[in-house]
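Take a look at the letters that make up each chain.
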Amino acid sequence: MVDVTTFASETDTQTLTGQMIVAGTMVTGAGTEVRGFDPAAGTALEPAYRHGDLAVVEAACAAAAEAFGPYRATTSAQRAKFLEAIAANIEAAAEVLIPRAVAETGLPHARITGEVGRTCGQLRLFAAVLREGSWNGARIDSALPERTPAPRADIRQRTVPLGPVAVFGASNFPLAFSVAGGDTASALAAGCPVVVKGHDAHPGTSELVGRAVAKAVADAGLPAGTFSLLFGSGRKLGTALVTDARIKAVGFTGSRSGGTALVAAAAARPEPIPVYAEMSSINPVFLLPGALSTRGAELGAAFVGSLTMGSGQFCTNPGLVIAVDGPDLDTFVAAATEALAQAAPTPMLTPNIAKSYADGVRDLEGAADVLARGQAADSSTACQAALFSTDAAGFLASDVLQAEVFGASSLVIRCADADEVASVASKLEGQLTATVHADDSDTAEAARLLPVLELKAGRILFNGWPTGVEVGYAMVHGGPFPATSDSRTTSVGAKAIERFLRPVSYQDVPKSLLPSAIADGNPDHLWRLIDGRFTQD
Ligand code: NAP
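My aim in this report is to walk through the structure given alongside it, one point at a time. Keep in mind that this is a model prediction, so the values were computed, not measured. (Residues numbered from 1 in each chain as written. Predicted model: local features only at pLDDT ≥ 70, side-chain atom pairs only at ≥ 80, totals over all residues. Heavy atoms only, no water.)

**Brief notes about the site of the ligand**
To keep it simple, the criterion reads: Working definition: residue near molecule or strand if any one of its non-hydrogen atoms lies within 4 Å of it. For this analysis, a polar contact is any N or O atom pair within 3.5 Å, provided that within protein one partner can donate a hydrogen and the other can accept it, and provided that sequence-adjacent residues contribute only side-chain to side-chain pairs. For the area figures, the Shrake-Rupley method with a 1.4 Å probe applies, and any residue is considered shielded solely by the protein chains shown. Here a cavity means grid points, on a 1 Å grid over the protein atoms only, where a 1.4 Å probe fits yet cannot get out; a pocket means an open set of points with protein on both sides within 12 Å along at least five of seven lines; lining residues are those with an atom within 4 Å of a point. Whether a molecule sits in a cavity or pocket is decided by its atoms, more than half of which must lie within 2 Å of the grid points. Think of it this way: any DSSP run of H or I at least four residues long counts as a helix, any run of E at least two long counts as a strand, and we number them from the N terminus. Where each domain starts and ends follows an automatic or database-derived domain assignment.
Near the ligand you find 22 residues, and of these S171, G234, S255, M279 and C315 are the closest. G234 is positioned with one of its backbone polar atoms (N or O) 2.7 Å from an oxygen atom of the ligand. Between the ligand and E278 there is a distance of 3.3 Å, counted from an oxygen atom to a side-chain nitrogen or oxygen. Out of a free accessible area of 860 Å², the ligand has 84% covered by protein chains. Judged by the proximity of its atoms to the pocket grid, the ligand belongs to the largest pocket. Counting residues per element, the ones that place at least two in the shell around the ligand are α7 (234-243), α8 (256-267) and α11 (351-367). Residue contributions to the shell around the ligand reach at least three from each of two domains, namely domain 1 (19-139 + 153-279 + 490-498) and domain 2 (284-462).

**Quick word on the side chain of N136**
Selection rule: Contacts between residues were defined by any pair of non-hydrogen atoms, one from each residue, lying within 4.5 Å.
Here N136 lies in the loop between α4 (109-132) and β8 (139-141). Ignoring anything within four residues of it in the chain, the contact list for N136 reads R158, T159, A517 and L526.

**Quick look at the packing of helix α3 (residues 94-105) against α4**
Stated precisely, the cut-off is as follows: All axes are obtained by fitting lines to C-alpha atoms, using only the stretch in contact for helices, and the reported angles, taken between N-to-C directions, cover 0 to 180 degrees. Throughout, the term roughly parallel applies to angles under 35 degrees, roughly antiparallel to angles over 145, roughly perpendicular to angles from 65 to 115, and oblique to all others. When the near helix sits turned anticlockwise from the far one by under a right angle, the crossing is termed left-handed; a clockwise turn instead gives a right-handed crossing. Gly is placed with the polar residues, together with every amino acid not listed as nonpolar (Ala, Val, Leu, Ile, Met, Phe, Trp, Tyr, Cys and Pro) or charged (Asp, Glu, Lys and Arg).
Packing of α3 against α4 leaves a shortest axis separation of 9 Å and a crossing angle of 125 degrees. Relative to α4, α3 is oriented oblique. Read as a crossing pair, α3 and α4 show a hand that is right-handed. The residues of α4 that touch α3, namely those facing L97, I98, A101, V102 and T105, are H109, I112, T113 and V116. Along the lines of polarity and charge, the residues of the contact of α3 with α4 split into six nonpolar, three polar and no charged.

**Observations regarding the sheet that holds strand β23 (residues 457-462)**
So the rule is basically this: At least two DSSP bridges between two strands are needed for those strands to be called paired.
Taken together, the seven strands give an open sheet; going across it, the order is β18-β20-β21-β16-β15-β22-β23, and neighbouring strands pair in mixed fashion. The open sheet terminates on both sides in strands that have one partner only, identified here as β18 (369-373) and β23. The mean angle between the axes of side-by-side strands here comes to 20 degrees, regardless of whether they run parallel or antiparallel. Judged from the three bridges that link them, strand β15 (residues 284-287) and strand β22 (residues 431-437) form a sheet pairing that is parallel. Note that in β22 the partner of F286 across the bridge is V436. Here helix α15 (residues 443-454) sits on the sheet and contacts β15, β22 and β23; the angle it forms with β23, its principal contact strand, is near 155 degrees.

**Some thoughts on empty space enclosed by the protein**
Cut-off, in case you're wondering: Grid points are joined across faces, edges and corners, and a volume is the space filled by probe spheres set on the points.
Taken as a whole, this structure holds three cavities of 30 Å³ or more when the rule is applied. By volume, the largest cavity is sized at about 140 Å³. What lines the largest cavity is a set of 17 residues, and nearest its centre among them are I282, G319, A403, V405 and S409. The element that contributes the greatest number of residues to the lining of the largest cavity is strand β21 (residues 409-415), accounting for three residues. Its residues placed into classes, the lining of the largest cavity shows nine nonpolar, seven polar and one charged. Computed from the structure, the second largest cavity encloses a volume of approximately 80 Å³.

**Some points on the side chain of T226**
As for its position among the elements, T226 is in the loop between α6 (203-219) and β12 (227-230). A polar side-chain atom of T226 sits 2.6 Å from the main-chain carbonyl oxygen of P223. Beyond its immediate chain neighbours, meaning those up to four positions away, T226 contacts A67, Y71, F82, L188, P193, V194 and V217.

**Concerning the pairing of β12**
Here is the rule: Only protein chains enter the calculation, and the probe is 1.4 Å; a residue is then buried if its accessible area is under 20% of its type maximum, exposed if over 50%, and partly exposed in between. Whether a crossover is right-handed depends on one test, that the path from the first strand over the helix to the second runs clockwise when the strands point away from the viewer.
On β12, burial covers both faces: F227 and L229 on one face and S228 and L230 on the other are all buried. Sheet topology places strand β11 (residues 194-197) next to β12; four bridges connect them, and they run parallel. Looking across to β12, one finds that K197 is bridged to L230. In the classification by handedness, the crossover that spans β11, the intervening α6 and the parallel β12 is right-handed.

**What to know about α6**
Residues spaced three or four apart along an α-helix face the same direction, because each turn holds 3.6 residues. Let me state the cut-off plainly: Helix span, expected: 1.5 Å multiplied by one less than the number of residues in the helix.
With 17 residues, α6 extends 24 Å between its outermost C-alpha atoms, agreeing within 8% with the 24 Å of an ideal straight helix rising 1.5 Å per residue. For α6, a buried count of 14 out of 17 residues is recorded, marking the element as mostly surrounded by other parts of the structure. Once α6 ends, the next one or two residues include G221, with phi positive near 70 degrees.

Laid out in structure tokens, this is it:
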């Protein structure tokens, strides 16, 4: 570690320094130089950032472990205010933050502005979750001393936070799934300090948001180790973070190979820990016959809008369309082909992602029929949209066709009949989403598909498009592998807090020692499950 300055609440949060934030201290790394890169202009951005070494991992983890006790002892109300302060600090930096994120990602101004709103909305949602209180999981089984043949003890349950959490910033959501994104917000809400590994694709955006969080930590008088932001290689610094004994859980959004590598590293630790990795999904869209016959052309145009949005760089991008072959599917395909042929080339997030996309499309060209290509890419980082078709047998026989191609590429599967549609559905890998377009006349077929899709996807939606994930209490952004490494939970929405909590039972613990969530008299005014009945008594 070199060139260290200490972060204080009055520190300027809007000037980029090229530094990491290690427990309230601004630190310049000494490793590989990385710079933000403007994929639209093809230029590298100032300032230079340098990767940290294992000393910064040690310092951040030691500080996070030290912070855990006092941080988890804060009240729900204190943590709620802290999350709201982070949101306010991000909003205060918007004038600097938005242009920087636009420059580092090539994403449109409106999209980044929306993502700032979403990020702050997520932080405020978790503040509301904390105040609402059901995350405590408060339950009481009253003592039954007279019960025969054996008396029952007084048993009470509540949740406690796991400990320091490592979060990997995502490339494709520079704000909402990055430094103060959903993983960080939910872990901080749960009472867990967070050590973020920022993504090299947007170091300036990461630093600005990191400063917004560090300022909120300092202003709230929280231990500095509550939050750190590091830069470094995934294989070296990222793996060191995940295998550090003081880290107790991991949040990740990215590739299947990266996510599974981190799951393996975490499982090989002397003390294995959970890794919540959101990885790979091709998001099937089922077009049922009634919907296709009444609005095939309309669906074709709307589908291309969802497919090409943000250069297709969404984990919920519709990469697969499944329907019974025939004239109505031809109508859909004709409209989609026409719309896609007009799709302008748009910059992808990084040269590497653009190269992976081009390689993936080349593989698809060898394995399926090309229906349409968007307008030709005018730079090596631009995305040229692509639409392919195949039949069910071809799809099921090909690993290439079943793999995610991250970007604006999709595949239409022409099925012989409804049985074949159901058969393809039952053989899909796990997905974040499954979409069904259905009219009233499709109810019987939709009813047949629904139980299949429930076992395949985290979110099932009718007559809409999967891109765009509402952040709320009922949302699931998850799903069976490879969509995620743990299908029992979600990385978007209120339930995400549960990933970083575990239940503890308190049996015959003296009343004077009981945590307030499960104390007599219900001082926190929570809804609690008492002897099998929810009550606020
Ligand atoms: P990525 O390569 O998985 O990287 C995400 C993070 O994980 C980075 O910090 C990376 O470190 C780290 N990492 C990657 N492999 C690792 C390993 N073996 N061990 C330890 N850490 C590792 O994802 P990306 O950079 O965002 O994009 C690359 C590809 O991922 C895309 O082309 C796309 O296919 C896929 N992707 C999918 C989604 C989705 O939501 N489905 C989202 C984003 C990306 P480094 O900085 O060293 O690379």
